[in-house]
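Structure at a glance
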Amino acid sequence: MKALLATLVASTAWIAAAQATECPRKDALGTSRVLAVDAATYPRVGLKSFPQTLPLGDHEVALTFDDGPWPATTPKVLAALAHECVRATFFLIGKPASEHPELVRKIAAGGHTIGHHTWTHRSLKQIKPGETEEEIDHGISAVEMALHGVATTTPSTPFFRFPGFESTPATLDFLQKRGIVVFGTDLWASDWNPMTPKAELKLLTERLKIAGRGIILLHDPKAQTAAMLPAFLRYLHENHYRVVQLVPAGAKAVAAGAEIAK
Ligand SMILES: [Zn+2]
């Protein structure tokens, strides 16, 4: 047990060190640490919907992007993140993922975490229970197919976010039984409302100043968000925020094994 713990601790340090040294630009924001999230400890997170959220410290943020992939804007978001060596979580919709598998693989190649956001982004509150499960599973298998060429309903990253945060007790139960973490969020930029990138930056930074930390929700298909992102990442750097990457608990153990095996 002690040896296992030592392995896990060592692997955490290794991942953090790898991310710190991977960045070719010294002045970049970077990704300060990796937080493994498992469904047993954190079945539902995000204060906008749930009483619990992730254990982020003061000035720590986790960036999340919903509704992609979208060819016109997702590459711009990826470029902005890569420029600052920042790793985020993308909650992908299955149908566009199946239409643009190369973009899904590009997100993964950037080292980002890929979660799930249903097949067609229908409100899971408005449809019949049987259809709810189909919407979730079809979405998962489309993303898995794009990523690994296998249409499985077992997600390699068991992270899920409801379209419009519209959960139901039955659907929450369905996901919990399968060990899938349900993500709400702690704050957002309201980027579903049209506004200039400048106005969006102002709104988001004001909200972050009040919250001081948290999971942040953005939408990579929104052009205004893609345009705002470089300035927002600079803002985070200049104001001493640190970016935390969220990964599934299992992936970390796998990473540890891979490193030890070398
Ligand atoms: Zn959405």
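To be clear, the structure that these remarks concern was listed above.
Now for a quick tour of the structure.

Parameters and conventions
Residues numbered from 1 in each chain as written. Predicted model: local features only at pLDDT ≥ 70, side-chain atom pairs only at ≥ 80, totals over all residues. Heavy atoms only, no water. Core = buried A, V, L, I, M, F, W, Y, C linked by side-chain atoms within 4.5 Å. Buried < 20%, exposed > 50% of the residue type's maximum accessible area, 1.4 Å probe, protein only. Helix = DSSP H or I, 4+ residues; strand = E, 2+ residues; numbered from the N terminus. Contact = heavy atoms within 4.5 Å. Axes fitted to C-alpha atoms, helices over the stretch in contact; angles between N-to-C directions. Parallel < 35°, antiparallel > 145°, perpendicular 65-115°, else oblique. Nonpolar A, V, L, I, M, F, W, Y, C, P; charged D, E, K, R; others polar. Donors = N, O, S within 2.8 Å, 3.2 Å for Na, K, Ca; no water. Pairing = 2+ DSSP bridges. Salt bridge = Lys/Arg side-chain N within 4 Å of Asp/Glu carboxyl O. Phe/Tyr/Trp six-rings, centres within 6.5 Å; stacked < 30°, edge-to-face > 60°. Lys NZ or Arg CZ within 6 Å of the ring centre and 35° of its normal.

On to the nonpolar core, then. In terms of nonpolar packing, the biggest core is built from 34 residues, with Leu63, Leu81, Phe232 and Leu236 touching the most fellow members. Only strand S3 (60–66), helix H2 (74–83), strand S4 (89–92), helix H4 (101–109), helix H5 (129–148), helix H7 (197–211), strand S9 (214–219) and helix H8 (223–238) provide two or more residues apiece to this core. No other element matches H8, which puts seven residues into this core. Phe232 has contacts with Leu63, Leu201, Leu204, Thr205, Leu208 and Ile216, leaving out every residue within four places of it along the chain. Counting 15 residues, the second-largest nonpolar core is a separate cluster that includes Ala39, Tyr42, Phe159 and Val181.

Another aspect to go through is the packing of H2 against H4. The packing of two helices is summarised by the inter-axis angle and the distance between the axes. Relative to each other, H2 and H4 sit at 10°, their axes nearing to 11 Å. As summarised for this structure, H2 and H4 are arranged roughly parallel, according to the angle between their axes. Facing Thr74, Pro75 and Leu78 of H2, the residues of H4 in contact are Leu103, Lys106 and Ile107. Residues of the contact of H2 with H4, tallied by class, amount to four nonpolar, one polar and one charged.

A few words now on the coordination of the zinc ion. Within the first shell, the zinc ion binds the protein through Asp67 (OD), His117 (NE2) and His121 (NE2), at distances of 2.0 to 2.1 Å. Taken in sequence order, the residues that donate to the zinc ion follow the motif D-x49-H-x3-H. Within this pair, whereas Asp67 is found in the loop between S3 and H2, its partner His121 is found in the loop between strand S5 (113–116) and H5, the two being separated by 54 residues in sequence. A relative accessible area of 29% means that His121 is categorised as partly exposed.

A few words on the pairing of S5. Alternating residues of S5 divide into Thr113 and Gly115 and Ile114 and His116, and every residue in both groups is buried. With four bridges joining them, S4 and S5 adopt parallel strand pairing. When the sheet's bridge partners are listed, Thr89 is paired in S5 with Thr113.

With that settled, the discussion passes to the pattern of salt bridges. Close approach of charged atoms lets side chains of opposite charge pair. Enumeration over the complete set of coordinates arrives at 11 salt bridges. Linking Asp137 and Arg178 is a salt bridge whose minimum nitrogen-to-oxygen distance equals 2.7 Å. In this pair, Asp137 sits in helix H5 while Arg178 sits in the loop between helix H6 (169–177) and strand S7 (181–183), placing the two residues 41 residues apart along the sequence. Judged by its relative accessible area of 18%, Asp137 is buried. Lys177 serves as the salt-bridge partner of Asp173, at 3.0 Å between the closest nitrogen and oxygen. Here Asp173 and its partner Lys177 are both found in helix H6, four residues apart, which amounts to about one turn of the helix. Judged by relative accessible area, Asp173 falls into the partly exposed class, the value being 35%. In this structure, a network of salt bridges that share partners links the residues Arg25, Asp27, Glu84 and Arg234.

To continue, consider the pairing of S3. Within S3, seven of the seven residues are buried, which leaves it mostly tucked inside the rest of the structure. Along S3, one buried face is formed by Glu60, Ala62, Thr64 and Asp66 and the opposite face, lined by Val61, Leu63 and Phe65, is buried too. As defined by bridge partners, S3 adjoins strand S10 (residues 242–248) across two bridges and the pair is classed as parallel. Opposite Glu60, over in S10, you have Arg242 as the bridge partner. Strand direction decides the pairing type here: S3 and S9, joined by six bridges, are parallel. Within the sheet, the bridge partner assigned to Leu63 lies in S9 and is Ile216. For S3 and S4, the ladder comprises three bridges, and the chain directions are parallel. When the bridges of S4 are listed, Thr64 appears paired with Thr89.

With that out of the way, let us pick up the packing of aromatic side chains. Under the counting rule described, the total for this entry stands at seven aromatic pairs. Between the aromatic rings of Phe159 and Phe183, the centroid separation amounts to 4.8 Å while the plane-to-plane angle is 55°, which identifies the pairing as tilted. With a gap of 24 residues between them, Phe159 in strand S6 (residues 159–160) and Phe183 in strand S7 connect regions that are remote in the sequence. Taken together, the ring pairs in this structure connect Phe91, Phe159 and Phe183 into an aromatic cluster. Sitting over the ring of Trp188, Lys48 keeps its end group 4.3 Å from the ring centre.

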